[in-house]
Amino acid sequence: MAPGPRATWRDAAVSAVRHRHRPWPLCRHCVGVALDMGSARTRAWIAGRGLILDVPTVTFPGTGAVYPIQRGAIIDTPGTARMLERLLGHRLPRFTRPLVVVTAPVLDGVAYRARARTAVEVLRPRGVLTVPGARAVALGAGAGLSRPLLVVDVGAHLTEVVLLADGAVVDARRTALGTSDLDTASAADIGEAVAVMVTAMLRQDRTSLTLDALHRGALLAGGGALRPEITYHLTGRLHTPLRTVPAPHTAAVRGAATLLHSAHTHPSTAPRRDHHPH
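Keep in mind the model is a prediction, meaning the values are calculated, not measured. Each chain has its residues counted from 1, following the order in which its sequence is written. With pLDDT at 70 or above as the cut-off, local features in this predicted model cover only qualifying residues; side-chain atom pairs require 80 or more to be listed or tallied, and sums for whole chains, interfaces and linings still use all residues. Neither water nor hydrogens contribute to the side-chain values; these are computed over all heavy atoms in the structure.

*Asks:* Teacher, can you tell me more about the environment of Gly 255 here?
*Replies:* Secondary-structure assignment places Gly 255 in helix α8 (residues 251-265). Not counting chain neighbours up to four residues away, the residues in contact with Gly 255 comprise Ala 136, Leu 139 and Gly 140. Helical segments are the DSSP runs of H or I of at least four residues, strand segments are the runs of E of at least two, and each set is numbered from the N terminus. We call two residues in contact whenever any of their non-hydrogen atoms come within 4.5 Å of each other.

Following this line, the structure appears as structure tokens:
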């Protein structure tokens, strides 16, 4: 099974720069929610309560089950909003406006972020921050970001390979292939697809960042990291140490929760007399 379409590192870099320069909202004391909405599972973390949801990404509009997120893309924004209202509407204190941190795929992230922001409006957020999924994984794993880092995130319907340098995305590839495809594809196919993406990174990289990251060892996350047959083939094809993050299927939402904590304690969130949060 051939890998799906890929974008260049320039697309990912532009997306990351835009994200890094988004201002922090004023939200020191508000309720906080971290969201990781994948094609197969949606996970939510509420500040002070920890991980409260790890459920299928599905909504029920009355005509049966509908899956509003497919292959890393939000294809049904109203359906995603209904899902969030059903899952979280009754779990948030009344008359509060939460700060929400949402993970997003690195590639096609602009469209995903726009639709995610629209869907999250159902929670009446005070502010919405988005974070590339690979960076969230690194934060959730407690990985140092001062050195180049290669993140391999094998999800149910999408596999991303992302190179981070100083925490920013400098190259990213993906394939529309994941653990849900193991009935028609094999673990070897996923290993081969990842190897092809990493090889392309090495060939395009005019610096030593990719090579340095490979020498350091790749960080493996996503539900695929829990499948021994996938880790076996990845190890054999990449010829580099693989470091599986603890609880790899929830690493992204834990990283988003880390950013949520940072947003509450960031100096720019200190109350100011000349500014009143709405």
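Structure shown, so let's carry the discussion forward.
*Asks:* What exactly am I supposed to notice about the side chain of Glu 160 here?
*Replies:* Take Glu 160: it is sitting in strand β9 (residues 159-165). One polar contact links the side chain of Glu 160 to the main-chain amide nitrogen of Val 106, over a distance of 2.9 Å. Beyond its immediate sequence surroundings of up to four residues, Glu 160 is in contact with Pro 105, Val 106, Leu 107, Val 151, Val 152, Asp 153, Arg 173 and Arg 174. As used in this structure description, the phrase polar contact means that two N or O atoms lie within 3.5 Å; if the pair is within protein, one of them must be able to donate a hydrogen and the other to accept it, and residues adjacent in sequence are counted only when both atoms belong to side chains.

*Asks:* What's the story with the pairing of strand β8 (residues 149-154) in this structure? I'm lost.
*Replies:* Look at any regular strand and the pattern is simple: side chains alternate between the two faces of the sheet. Think of it in three bands: residues with accessible area under 20% of the maximum for their type are buried, residues over 50% are exposed, and the middle band is partly exposed, with areas taken using a 1.4 Å probe on protein chains only. The buried count for β8 comes to six of six residues, which makes it a mostly enclosed element. Here β8 shows a buried face lined by Leu 149, Val 151 and Asp 153 and a second buried face lined by Leu 150, Val 152 and Val 154. Each pair of strands is called paired provided DSSP finds at least two bridges between the two strands. Judged from the six bridges that link them, β8 and β9 form a sheet pairing that is antiparallel. Following the sheet pairing, Leu 149 is matched in β9 by Leu 164. Linking β8 back to β9 in an antiparallel pair, the connection comprises four residues.

*Asks:* So what exactly am I meant to see when it comes to helix α5 (residues 187-204) here?
*Replies:* Side chains of residues three or four places apart in an α-helix project in the same direction, reflecting 3.6 residues per turn. Taking 1.5 Å of rise per residue, 18 residues should cover 26 Å, and α5 covers 26 Å from first to last C-alpha, within 8% of that figure. Among all positions of α5, only Ala 187, Ile 190, Gly 191, Ala 193, Val 194, Ala 195, Met 197, Val 198 and Met 201 are buried. Each element contacted by the buried residues of α5 is listed here: β8, β9, β10 (168-175), α6 (209-216) and α7 (228-238). Expected span of a helix: the number of residues minus one, times 1.5 Å.

*Asks:* Looking at this structure, how should I read the packing of α5 against α6?
*Replies:* Axis geometry follows a simple rule: fit a line to the C-alpha atoms, using only the stretch in contact for helices, then measure angles between N-to-C directions, giving values from 0 to 180 degrees. It is at 8 Å that the axes of α5 and α6 come closest, and there the two elements cross at 135 degrees. What the angle tells us is that α5 and α6 run oblique. Along the contact surface, α5 presents Val 198, Met 201 and Leu 202, while α6 presents Thr 210, Leu 211 and Leu 214. Note on terminology: angles under 35 degrees are roughly parallel, angles over 145 are roughly antiparallel, angles of 65 to 115 are roughly perpendicular, and the others are oblique.

*Asks:* How should the side chain of Arg 254 be read in this particular structure?
*Replies:* Structurally, the position occupied by Arg 254 is in helix α8. No salt bridge is formed by the buried Arg 254; the nearest opposite charge belongs to Asp 54, separated by 9.3 Å. Only 2.8 Å separates the side chain of Arg 254 from the backbone oxygen of Pro 246, close enough to count as a polar contact. Polar side-chain contacts of Arg 254 include one of 3.0 Å to the backbone oxygen of Ala 247. Setting aside residues up to four positions removed in sequence, Arg 254 forms contacts with Trp 45, Gly 140, Pro 246 and Ala 247. Positive: Lys, Arg. Negative: Asp, Glu. His and the chain ends are not part of the count. Salt bridges are defined by distance alone: a side-chain nitrogen of Lys or Arg within 4 Å of a carboxyl oxygen of Asp or Glu.

*Asks:* Would you take a moment to explain unusual backbone geometry for this structure?
*Replies:* One non-glycine residue with positive phi stands out, namely Arg 71, at about 50 degrees. Looking at the secondary structure, you find Arg 71 in the loop between β4 (69-70) and β5 (73-74). A positive phi is found at Arg 124, a non-glycine position, where the angle reads about 50 degrees.

*Asks:* Explain the sheet that holds strand β1 (residues 32-37) to me, please; I cannot follow it from the model alone.
*Replies:* Strand pairing in a sheet takes place through backbone hydrogen bonds and is either antiparallel or parallel in direction. The strand order β3-β2-β1-β6-β7 describes an open sheet built from five strands, whose pairing is mixed. On the outer flanks of this sheet lie β3 (50-56) and β7 (127-132), each paired with one strand and no other. Adjacent strand axes in the sheet meet at a mean angle of 20 degrees when their direction is disregarded. Of the pairings in the sheet, the one linking strand β2 (residues 41-46) to β3 comprises six bridges and is antiparallel in character. Across the sheet, Arg 41 pairs through a bridge with Pro 56, a residue of β3.

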